[in-house]
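What follows is each chain in one-letter form.
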Amino acid sequence: KQEVTQIPAALSVPEGENLVLNCSFTDSAIYNLQWFRQDPGKGLTSLLLIQSSQREQTSGRLNASLDKSSGRSTLYIAASQPGDSATYLCAVSLYGQNFVFGPGTRLSVLP
Amino acid sequence: NAGVTQTPKFRVLKTGQSMTLLCAQDMNHEYMYWYRQDPGMGLRLIHYSVGEGTTAKGEVPDGYNVSRLKKQNFLLGLESAAPSQTSVYFCASSYGNRGRGTGELFFGEGSRLTVL
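Residues numbered from 1 in each chain as written. Chains lettered and ligands numbered in written order. Predicted model: local features only at pLDDT ≥ 70, side-chain atom pairs only at ≥ 80, totals over all residues. Heavy atoms only, no water.

1. Quick look at the overall build of chain A
Definition in use: Numbering of helices and strands starts at the N terminus; helices are DSSP runs of H or I of at least 4 residues and strands are runs of E of at least 2. Only C-alpha atoms enter the radius of gyration; for comparison, a globular chain is expected to reach 2.2 Å times N to the power 0.38, where N is the number of residues. A simple rule labels every residue: compare its accessible area, found with a 1.4 Å probe on the protein chains alone, to the largest value its type can have, and call it buried under 20%, exposed over 50%, or partly exposed in between. Note on contacts: a residue pair is in contact if any heavy atoms of the two residues lie within 4.5 Å. In short, Shrake-Rupley with a 1.4 Å probe defines the accessible areas, and a residue's cover is counted only from the protein chains shown. For the purpose of counting charges, residues Lys and Arg are taken to be positive, whereas Asp and Glu are taken to be negative. His and the chain ends are not included. By convention, charge coordinates are those of NZ in Lys, CZ in Arg, CG in Asp, or CD in Glu.
Assigned secondary structure in chain A consists of zero helices and 11 strands. Its helices and strands in sequence order give chain A the pattern β-β-β-β-β-β-β-β-β-β-β, from N to C terminus. For a compact globule of 111 residues, the expected C-alpha radius of gyration is about 13 Å, and chain A comes in at 13 Å, within 12% of that figure. By principal-axis analysis of the C-alpha atoms, chain A measures approximately 45 × 25 × 20 Å. For chain A, the proportion of its 111 residues judged to be buried stands at 47%. Sequence separation of 24 or more characterises 55% of the internal contacts of chain A that already satisfy a separation of 6 or more. Working note: accessible area of chain A is about 5200 Å², and carbon and sulfur atoms make up 48% of it. Side-chain charges in chain A split into 8 positive and 8 negative, and the spacing between the mean points of these groups amounts to 4 Å.

Structural data, given as structure tokens:
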């Protein structure tokens, strides 16, 4: 059974710092991996989708990498801003199966 | 762009009452999903559908029923609500390739249900 973990569970950083969020999964035979952002009381917003054949994806200040062999993905946020404060979740899907979600990392960026 | 729309956004029920949550998507996605999100439990899949007229059980299906009569709509029903079903419910949709995997997931804003 695929299990997804995220470290750290919570993170507080001053504005302007570059930061890395980690996602680990137990079964490396994934179809794709997706990073989401969730603001309090809101739904999940898709940030980046990485297909199994890809190593990374970039969108603005966000960069997500994927290392299937080690069962890891990282989300890099450059020059963090208070507006980046949210919970970040990763989810992985295996071939022919649904997504399994991690518990999330709660990020606070302090002005 | 509407994307994934859920109704209602808030509802309070008494134990034993029934209700239906409606999810609508305008992206022509094949796959649709219902999740519940609880503190400390994360997101858990209740039921999903890989196409019109088809449904399947997820991780926590007990106490819920679903229907996918139209491709764009996915309904989640509670026949006899229980306090344990107090939760935030999220609908999602994606492209799908049967036998291979799901595409990018898109979520609705959520429906907050309280069962007294």
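2. Some remarks on the pattern of salt bridges
Residues and elements named next belong to chain B. Here is the rule we go by: Basic side-chain nitrogens of Lys or Arg form a salt bridge, by our definition, when they fall within 4 Å of a carboxyl oxygen of Asp or Glu.
Scanning the model with the defined rule gives five salt bridges over all chains in all. The salt bridge partner of E30 is K71, with a shortest N-O separation of 3.2 Å. One end of the pair, E30, is in the loop between β3 (19–25) and β4 (31–38); the other, K71, is in the loop between β7 (65–67) and β8 (73–78), with 41 residues separating them in the sequence. A salt bridge links D38 to R44; the nearest nitrogen and oxygen atoms lie 2.9 Å apart. Both residues of the pair, D38 and R44, count as buried.

3. A few points about the interface of chain B and chain A
Test applied: Here the quantity called buried area is the accessible surface, traced with a 1.4 Å probe, that two parts lose on coming together, added over both. Pairs of N or O atoms within 3.5 Å make up the polar contacts considered here, provided that, within protein, one atom can donate a hydrogen while the other can accept it, and that residues adjacent in sequence are counted only when both atoms are side-chain atoms. When residues are grouped by polarity, Ala, Val, Leu, Ile, Met, Phe, Trp, Tyr, Cys and Pro land in nonpolar, Asp, Glu, Lys and Arg in charged, and all others, Gly among them, in polar.
Counting residues at the interface gives 18 residues for chain B, matched by 20 residues for chain A. Together, the buried faces of chain B and chain A total about 1600 Å²; carbon and sulfur atoms form 54% of this surface. Counting the contacts that link chain B with chain A gives zero salt bridges. Our count for the contact surface shared by chain B and chain A stands at three residue pairs in polar contact (both at pLDDT 80 or more). Residues belonging to the side of chain B that touches chain A are distributed by class as follows: eight nonpolar, six polar and four charged.

4. Things to note about the packing of aromatic side chains
Selection rule: Stacked, tilted and edge-to-face are the three classes assigned to paired rings of Phe, Tyr and Trp, where Trp is represented by its six-membered ring and a pair needs centres within 6.5 Å; plane angles under 30 degrees give stacked, over 60 edge-to-face, the rest tilted.
Under the defined criterion, the tally for this structure stands at nine aromatic pairs over all chains. Ring plane angle 35 degrees and centroid distance 5.6 Å describe the contact between F36 of chain A and F101 of chain A, whose orientation is recorded as tilted. Within this pair, whereas F36 of chain A is found in strand β4 (residues 30–38), its partner F101 of chain A is found in strand β10 (residues 99–101), the two being separated by 65 residues in sequence. In this structure F36 of chain A comes out as buried when scored by relative accessible area, which is 0%. Through a chain of ring-to-ring contacts, the aromatic side chains of F36 and F101 of chain A together with Y31, Y33, Y35, F90 and F107 of chain B assemble into a single cluster.

5. Topic: the sheet that holds strand β7 (residues 62–67) of chain A
Residue and element names in this part refer to chain A. Counted only if it meets this: Note on pairing: two strands pair once DSSP finds at least 2 bridges between them. Angles run from 0 to 180 degrees between N-to-C directions of axes, and those axes are lines fitted to C-alpha atoms, restricted for helices to the stretch in contact.
Taken together, the five strands give an open sheet; going across it, the order is β1-β3-β8-β7-β6, and neighbouring strands pair in antiparallel fashion. What marks the edges here is a single partner per strand, and that holds for β1 (4–7) and β6 (56–59). The sheet shows a mean angle of 15 degrees between the axes of neighbouring strands, direction not considered. Pairing of β1 with strand β3 (residues 19–25) involves four bridges; the strand directions are antiparallel. Directly across from T5, in β3, lies its bridge partner S24.

6. Remarks on the side chain of D38 of chain B
Residues and elements named next belong to chain B. Tracing the backbone shows D38 in strand β4. Of the polar contacts made by the side chain of D38, one reaches the side chain of S87; its length is 2.8 Å. Beyond its immediate chain neighbours, meaning those up to four positions away, D38 contacts R44, T86 and S87.

7. A word on the state of the cysteines
All names here are of chain B. The following threshold applies: The criterion for a disulfide is a pair of cysteine sulfur atoms lying within 2.5 Å.
On inspection of all chains with the given rule, the structure shows two disulfides over all chains. Here C23 is linked by a disulfide to C91, with a sulfur-sulfur distance of 1.9 Å. Residues C23 and C91 are joined through a disulfide that is left-handed, its torsion about the S-S bond being -75 degrees. Separated by 68 residues along the polypeptide, C23 in strand β3 and C91 in strand β9 (residues 87–94) bring together distant segments of the chain. According to the relative accessible area criterion, C91 is buried, its value standing at 0%.

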